[in-house]
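Observations on chain architecture
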Amino acid sequence: MASLGVEDAKRLAAYTAIDTHFPPNAKVVGIGSGSTVVYCVERIVQKRAKGEIPADTVFIPTGFQSKELIIHGGLNLGAIDGYPVLDVAFDGADEVDPALNCIKGGGACLFQEKLVAQCAKKFIVVADFRKNSTALGLQWVQGVPIEVVPLAHARVRQDLLQMGALTATLRLGGIAKAGPVITDNCNVIIDAHFGQIADPVILAQNIKMLVGVVEVGLFINMADAAYFGNENGSVTAKFSTGEINMIE
Ligand SMILES: O=C(CO)[C@H](O)[C@H](O)COP(=O)(O)O
């Protein structure tokens, strides 16, 4: 029996999702952010070279990293303000619950990721087995990423703690940058851990109401399908309909 490492599991999920959900006549396709999406682009480039993907398909990034992936893959780059309707978008996730609600924003790209997902007729999540969870907040304990206007960070952190967050931390750049991570939209990120999230819908609404919050890394009822690469070489495909397929 195969025993895949995390990177191979990511690649397996990404390739399976692209092979299954990339429309043969796709006009506009969204590309998410993170390390798993790299394998989506890898697969798209392979298929395009074989003529299985139209040469004129336009690809919409969700931030700096995916823009670079699209350019370096030799794909046609578009922008979301020029293409507000997408055939499909592929993106990673930090944690996915059985209803396919997701925590996203581990790479600080959640605002553009949510905008692109919202514009897509289909939103497909790709991830490794670690992200397949029974409830949000159980496995991704760094906290829900929240994009905040810099001037509001102190107040929003206070508000989150009052709302019941166990921690609400301004994300710092570490050794790469003195001070906070600055998003592609020139904002900061607060990671707020609430423990196991009982009701992600209400939590997302309440956080979004706070003055200074641009977007919340809780993606509620957005994903149509999620593909998880497993250690044994299979892929678990979960759908918003509740259907689950094991692809061996
Ligand atoms: O939301 C994201 C970036 O903001 C990523 O999609 C998420 O963090 C998953 O990343 P990876 O594929 O590297 O595990």
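Note: the structure precedes this text.
In this report, we go over the structure that sits alongside the text. All values derive from a computational prediction rather than experimental measurement.

Taken together, 16 residues lie near the ligand, and S33, S35, T36, D94 and K131 sit nearest. S33 has a polar backbone atom sitting 2.8 Å from an oxygen atom of the ligand. Protein chains shield 91% of the accessible area of the ligand, which is 380 Å² for the free molecule. A majority-of-atoms criterion places the ligand in the largest pocket. Of the residues in the shell around the ligand, the class split is three nonpolar, eight polar and five charged.

The strand order β9-β10-β8-β11 describes an open sheet built from four strands, whose pairing is antiparallel. Each end of this open sheet is capped by a strand with a single partner; those strands are β9 (167-170) and β11 (213-216). Adjacent strand axes in the sheet meet at a mean angle of 25°, parallel and antiparallel pairs treated alike. Across the sheet, helix α5 (residues 153-162) touches β8 (144-148), β9, β10 (188-193) and β11, and the angle it forms with β9 is around 165°.

About the thresholds
Residues numbered from 1 in each chain as written. Predicted model: local features only at pLDDT ≥ 70, side-chain atom pairs only at ≥ 80, totals over all residues. Heavy atoms only, no water. Near = heavy atom within 4 Å. Polar contact = N/O pair within 3.5 Å; in protein donor to acceptor, adjacent residues only side chain to side chain. Areas by Shrake-Rupley, 256 points an atom, 1.4 Å probe, with all protein chains shown as cover. 1 Å grid on protein atoms, 1.4 Å probe; cavity = no way out; pocket = protein on both sides within 12 Å on 5 of 7 lines; lining within 4 Å. Sits in = over half its atoms within 2 Å of the grid points. Nonpolar A, V, L, I, M, F, W, Y, C, P; charged D, E, K, R; others polar. Pairing = 2+ DSSP bridges. Helix = DSSP H or I, 4+ residues; strand = E, 2+ residues; numbered from the N terminus. Axes fitted to C-alpha atoms, helices over the stretch in contact; angles between N-to-C directions. Contact = heavy atoms within 4.5 Å.

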